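# Coordinates in review
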Amino acid sequence: KNCAESILPSAIRQELTKFESGDILFMVPAEWAEIPFEIFHTAGEFLCKRFAIGTIICTDNKHEVATKSKPGASFLIIADPSGNAPEAHAEGIAIQNIAKANHKNPHFISSNDKEKIFAAVESAAIVHFAGHSVYSKEKNISGWQLSNGVLFDLVDMKQFGEKAGVPWLIFS
């Protein structure tokens, strides 16, 4: 509760009391990346109980990256590469079925092999990752868990641009 009061101006907190549901998109500086906005407590309950919450982290990085694909050109689903999250695999299948119902033919992989992921990403305009994302405080890295101790981390993600251009959207 104190965090919401110290970060959100009173006019915004008051405005939030007027709505029972909806979408909220926070655009915040990089220093605020770890603030859990979804558990801000306003109007008697947590924001995540009433709203769909998204966060865009704004950085000073002006580096532009190239993408060779057009939005919607191809769709890649990476589901349960660790092999221990049946719910993530089911999520990937559900998204694949929705895409197919909308006349899209997504590429679906469950591999934990980084090279196979890179090869699949080369032509993808959109990537959906359904699996575990983890943070290692000891190594100070985070990423997609591919298998025990193997992460697809920021170093790997930066290679998207070096190898083939980056997808238009990565949803994880």
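Only a predicted model underlies this, so the values are computations on that prediction, with no experimental measurement involved. (Residues numbered from 1 in each chain as written. Predicted model: local features only at pLDDT ≥ 70, side-chain atom pairs only at ≥ 80, totals over all residues. Heavy atoms only, no water.)

## What to know about the nonpolar core
The condition is simple: Within this scheme, the nonpolar core is defined by two criteria: the residues are buried Ala, Val, Leu, Ile, Met, Phe, Trp, Tyr or Cys, and they are joined through side-chain atoms within 4.5 Å. Burial classes: relative accessible area under 20% of the type maximum marks a residue as buried, over 50% as exposed, and values in between as partly exposed (1.4 Å probe, protein chains only).
Among the nonpolar cores identified, the biggest contains 13 residues, and Leu 76, Ile 78, Ile 109, Ile 117, Val 127, Trp 144 and Phe 152 are the most heavily contacted of them. Among the nonpolar cores identified, the runner-up in size contains 11 residues, and Leu 8, Val 28, Ile 35 and Phe 37 belong to it.

## Quick look at the environment of Thr 42
For the record, the criterion: In this text, helices come from DSSP runs of H or I with a minimum length of four residues, and strands from runs of E with a minimum of two, each type numbered from the N-terminal end. Residues are treated as being in contact if the distance between any of their heavy atoms lies within 4.5 Å.
As for its position among the elements, Thr 42 is in strand S2 (residues 41-42). C-alpha of Thr 42 to C-alpha of Leu 16: the two residues are 26 residues apart in sequence and 7.6 Å apart in space. Discounting residues that sit within four places of it in the chain, Thr 42 has contacts with Ala 4, Leu 8, Arg 13, Leu 16, Leu 47 and Arg 50.

## Some details on helix H4 (residues 86-101)
Filter applied, for reference: A helix is expected to span 1.5 Å for every residue after the first. It is the directions from the helix axis to the C-beta atoms whose arc is reported.
Over its 16 residues, H4 extends 22 Å from the first C-alpha to the last, a length consistent with the 22 Å expected when each residue adds 1.5 Å. Taken residue by residue, H4 has Ala 88, Gly 92, Ile 95, Gln 96 and Ala 99 as its buried positions. With its buried residues spanning 105° around the axis, H4 presents them on a single face. Opposite the buried face of H4, by more than 90 degrees, sit the exposed residues Pro 86, Glu 87, Ile 98 and Ala 101. If you follow the buried residues of H4, they end up packed against strand S5 (75-79), strand S6 (107-109) and strand S7 (126-130). Trailing H4 by a residue or two, His 103 shows a phi angle of about 65°, which is positive.

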